[in-house]
Amino acid sequence: MPPLLVRAYRHHEPFVYDIVNLGREVLAHISTVAATNFSDATQSPELDRFTLEKTASIYLELLNDVDALVGTDTAFLLGPWLRMARKLGTSANDCGLPFHPSDHSPDCQNFFEWNARVQLTTWNPTT
């Protein structure tokens with residue numbers, strides 16, 4: 001991408017989000033291959049220390065790169081995501097029943113935060 005274009009739009013939130021998300025997608029695809037290579041190395045009949053260390057190093061470096069990249073945009077951070085979810089549950093009318101069994105409070109903010117966390121982890125309630 002031309003540097004002039006990047007400089008012109010670096011404070012344009014949708015542009016920054018798209019660039020970070022594109023980079024995240026690319027690194028995710030690369031890290032899938034790296035994870036497979038590491039997994040294959042751990043399941044080899046004869047473990048090779050060099051191969052294990054090399055594949056693990058590449059995989060960890062990619063994961064660190066993803067973490068560093070998404071840390072540059074608040075849209076990818078957990079704190080703002082949870083705060084936004086809590087803001088959606090400002091009244092008892094905002095959320096439907098039943099609440100998650102571990103939430104004994106009729107506090108919709110807690111429900112919305114729990115739901116936001118579930119979307120990032122299990123995608124369904126498990127007890």
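The structure we're discussing is the one just above.
Conventions adopted
- Residues numbered from 1 in each chain as written.
- Predicted model: local features only at pLDDT ≥ 70, side-chain atom pairs only at ≥ 80, totals over all residues.
- Heavy atoms only, no water.
- Helix = DSSP H or I, 4+ residues; strand = E, 2+ residues; numbered from the N terminus.
- Buried < 20%, exposed > 50% of the residue type's maximum accessible area, 1.4 Å probe, protein only.
- Contact = heavy atoms within 4.5 Å.
- Areas by Shrake-Rupley, 256 points an atom, 1.4 Å probe, with all protein chains shown as cover.
- Phe/Tyr/Trp six-rings, centres within 6.5 Å; stacked < 30°, edge-to-face > 60°.
- Salt bridge = Lys/Arg side-chain N within 4 Å of Asp/Glu carboxyl O.
- Core = buried A, V, L, I, M, F, W, Y, C linked by side-chain atoms within 4.5 Å.
- 1 Å grid on protein atoms, 1.4 Å probe; cavity = no way out; pocket = protein on both sides within 12 Å on 5 of 7 lines; lining within 4 Å.
- Points joined across faces, edges and corners; volume = space filled by probe spheres on them.
- Nonpolar A, V, L, I, M, F, W, Y, C, P; charged D, E, K, R; others polar.

1. Examining the overall build of the protein
Regarding its fold elements, the protein presents five helices and zero strands. Each helix and strand of the protein, placed in order from N terminus to C terminus, yields the pattern α-α-α-α-α. For the protein, the residues scored as buried account for 20% of the 127 residues in total. In the protein, of all internal contacts separated by at least 6 residues, the share reaching a separation of at least 24 is 49%. Of the roughly 9400 Å² of accessible surface on the protein, a fraction of 60% belongs to carbon and sulfur atoms.

2. Thoughts on the packing of aromatic side chains
One pass over the structure, following the stated rule, counts three aromatic pairs. Centre to centre, the rings of Y17 and F76 are 5.0 Å apart; their planes meet at 10°, and the pair counts as stacked. Taken together, the residues Y17 in helix α2 (residues 13-42) and F76 in the loop between α3 (49-70) and α4 (78-88) connect sequence positions 59 residues apart. For Y17, a relative accessible area of 32% gives the class partly exposed. Among the aromatic residues, ring-to-ring pairing joins F111, F112 and W114 into one connected group.

3. Section: the pattern of salt bridges
Counted by the stated rule, this structure contains four salt bridges. Close ionic contact of R24 with E25 constitutes a salt bridge, the shortest N to O distance being 2.9 Å. Judged by relative accessible area, which is 24%, R24 ranks as partly exposed. Members of the salt-bridge network, linked through shared partners, are R86, E113 and R117.

4. What to know about the nonpolar core
In this structure, L82, A85, C95, C108, F111, F112 and A116 together form the largest nonpolar core, which totals seven residues. At the level of elements, α4 and α5 (108-120) are the ones that each hand at least two residues to this core. The leading source of residues in this core is α5, at four residues. Once residues lying within four places of it in the same chain are set aside, the contact partners of C95 are C108, F111 and F112.

5. Points about the layout of surface pockets
Taken as a whole, the largest pocket encloses approximately 160 Å³ of empty space. As for the largest pocket, its lining consists of A75, F76, L77, L78, W81 and L120. Looking at the lining of the largest pocket, its residues break down into six nonpolar, no polar and no charged.

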